[in-house]
Amino acid sequence: MYNFKFHVPTKIYFGKGQISHLTELKECGSKVLLVYGGGSIKRSGLYDTAMGYMKEAGLTVYELSGVEPNPKIATVRRGAEMCKAEGIDMVLAIGGGSTIDCAKVVAAAAKHDGDAWDLVLDSRKITAALPIFSVLTISATGSEMDDTAVISDLDKNEKWACAAPCMKPTMSVLDPEYTYTVSRKQTAAGTADMMSHTFENYFSTVEGADVQKRLAEGLLKVMIKYGPIALNDPTNYDARANLMWAASHAINGLVGEGVSMSWPIHMIEHELSAFYDITHGEGLAILTPVWMEHILNEKTAPYFATYGRNVWDIRDEDDMEASRKAIECTKKFFFETMGLPANLRAVGITEDIHFEEMADKTLGAGKRAFYPLMKEDIIAILKKSL
Ligand code: NZQ
Ligand code: ZN
C-alpha cells in the first residue's frame, strides 16, 4: 500500500429532514449564492424548503440557475462574476454532480484574479475558495464529499477534471428522499457511475491494500443489490439511502487512497462527453466491459477473477474462465438489469471520426496504471464500443 493522506473535512447530515441544518450557513456570513440546475428542485418543492431555512437564518440569497448536465465554463464564469460583484460569502449547490461541480469552481474562481478556465486546466492554481455547501439530489458522482469538479467547454470539445482540497464541501445534506424523483435513465446512469468509481480504484496492482479492496467489493455488492430496486421502486428508502452513501464512499478516498489511480475509463468517457455531450454514467457503462475484455490476459486475469468470485460469487477455479464470467455478469447487469445503452450507437455516436483526437487527449493518464493504455488501445476500445 502506498503512503497517503486521508482528510475529508465535509460534515455530512444524512437522512430525512436533515435540510433543516441549512440554518448553519449563517456561521459563514450572510450572502449565499444558490446554484441549481434546470428546474428539478423547483418541481420537487426542495427549492421552497431550502429558501425557507435560509430565510429563517437571515441569509440573503442570490441565484445561479440553469447549470447544464456536463456543466459549462460560461455558467461558471457567470457565477464567479456574481460572487465578485455582490461580495458573496459562500456557495450552496442544490442538485447533482453537475451543479455541485459548477458551484465548486465558482467558489474557487471567486477568489481568483484571472479567468475560471485557468483553474480547470491547472488545479495548482486553485489555492482558495469560498465555503461550499451542497444538498445532493442524485446519487452518482460523489462530488458532495470529494475535492473534484469536472467542467466543459463544449465549443472547443474540452472536458477536464480539476481538484483541490479547498473544493471539498464544508457541509453536505444527503437526504435519500430527494432522489425519489430521479428518472430511470439517471438512476441507472448514476449506479453505473458509482460502480465505475469503485472499479477505477479497485483494479490496481498495488499489493497489500486489502482494506481498500474488500471495502470496494462491499460497495459494489451494495450497488448491485440496490440499483435495480431503486430503478423499479423509486421511492424505496433503503435502496435510495444505500446507493447514496455507497456513492459518496466510492470516491471520497476511502477505497482510493493508497492504491494506484489512473482512471482510464473516466479519461476516455470525458472525451466522449466533450465531443458528444452524452450522459457520463451511460458512457462509462458502455466502455467498462469493453475495457475489461480488451485488457484481459494472463496478468490481469487474477484480478478480474477475484472480482468475479468476491462480487458475483463465481466459483470457477480457473482465473481466465472466472474473469470471462465476471465480465459477462457486469454486462448483463448494466445492459439487461439496469437497461443502460449497450453501445455508442445507442447514445447517438455512429462514426469514429474523432477517436484519434480523443485518444491523443486521453494519453498521459497512464501513470501508475493497472494496465497502461497505448493510443492504439484507446482507439480499439472506442471502436469496439461502437
Ligand atoms: O438540472 P436539473 O433540473 O436539476 O435535472 C438534473 C439533470 O437533468 C436531473 N436531476 C438531478 N436530481 C434530480 C434530477 N431530476 C429529478 N429529480 C432529482 N432529484 O438529473 C440530470 C443529471 O444531473 P447531473 O447533475 O448532470 O448528474 P450527475 O450527478 O450524474 O453529474 C454528472 C456530472 O458530474 C461529473 C460528470 O462528468 C458530469 O459532468 N463528474 C463529477 C465527478 C466529481 N465531482 O468527482 C466525478 C465523476 O466521475 C463525474 O465525472
Ligand atoms: Zn464518474
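Undergrad: Describe the site of ligand 1, and please don't skip the residues or the numbers.
TA: Lining the immediate environment of ligand 1, one finds 30 residues, of which Gly-38, Ser-40, Gly-97, Ser-98 and Asp-146 sit closest. The contact in question runs from a nitrogen atom of ligand 1 to an N or O atom on the side chain of Thr-181, over 2.7 Å. The separation between an oxygen atom of ligand 1 and a polar side-chain atom of His-197 is 2.8 Å. Protein chains shield 88% of the accessible area of ligand 1, which is 960 Å² for the free molecule. Mapped onto the shell around ligand 1, the elements with two or more residues apiece are α4 (97–109), β6 (148–153), α6 (184–202) and α9 (264–276). For the shell around ligand 1, the residue count by class is eight nonpolar, 18 polar and four charged. Looking at the shell around ligand 1, you find at least three residues from each of domain 1 (11–178) and domain 2 (182–385).

Undergrad: Explain the coordination of the zinc ion (ligand 2) to me, and be specific about the residues and the numbers.
TA: Distances from the zinc ion (ligand 2) to its protein donors, namely Asp-193 (OD), His-197 (NE2), His-266 (NE2) and His-280 (NE2), fall within the range 1.9 to 2.2 Å. Of note, the donors binding the zinc ion (ligand 2) are all from one chain and are spaced D-x3-H-x68-H-x13-H. Taken together, the residues span a long stretch of sequence, with His-266 in helix α9 and His-280 in helix α10 (residues 280–295) at a distance of 14 residues. Considered together, His-266 and His-280 belong to a single accessibility category, that of buried residues.

Undergrad: Help me get a handle on the packing of α6 against helix α8 (residues 237–251), residues and values and all.
TA: Following both chains from N to C, one finds α6 and α8 inclined at 35°, their axes separated by 9 Å at the closest point. For α6 against α8, the interelement crossing comes out left-handed. Between α6 and α8, the contacting residues are Thr-187, Thr-191, Met-194, His-197, Thr-198 and Asn-201 on the first element and Arg-240, Leu-243, Ala-247, Ala-250 and Ile-251 on the second. Classifying every residue of the contact of α6 with α8 by side-chain character gives five nonpolar, five polar and one charged.

How each quantity is defined
Residues numbered from 1 in each chain as written. Chains lettered and ligands numbered in written order. Predicted model: local features only at pLDDT ≥ 70, side-chain atom pairs only at ≥ 80, totals over all residues. Heavy atoms only, no water. Near = heavy atom within 4 Å. Polar contact = N/O pair within 3.5 Å; in protein donor to acceptor, adjacent residues only side chain to side chain. Areas by Shrake-Rupley, 256 points an atom, 1.4 Å probe, with all protein chains shown as cover. Helix = DSSP H or I, 4+ residues; strand = E, 2+ residues; numbered from the N terminus. Nonpolar A, V, L, I, M, F, W, Y, C, P; charged D, E, K, R; others polar. Domains from an automatic or database assignment. Donors = N, O, S within 2.8 Å, 3.2 Å for Na, K, Ca; no water. Buried < 20%, exposed > 50% of the residue type's maximum accessible area, 1.4 Å probe, protein only. Axes fitted to C-alpha atoms, helices over the stretch in contact; angles between N-to-C directions. Left-handed = near helix turned anticlockwise from the far one by under 90°. Contact = heavy atoms within 4.5 Å.

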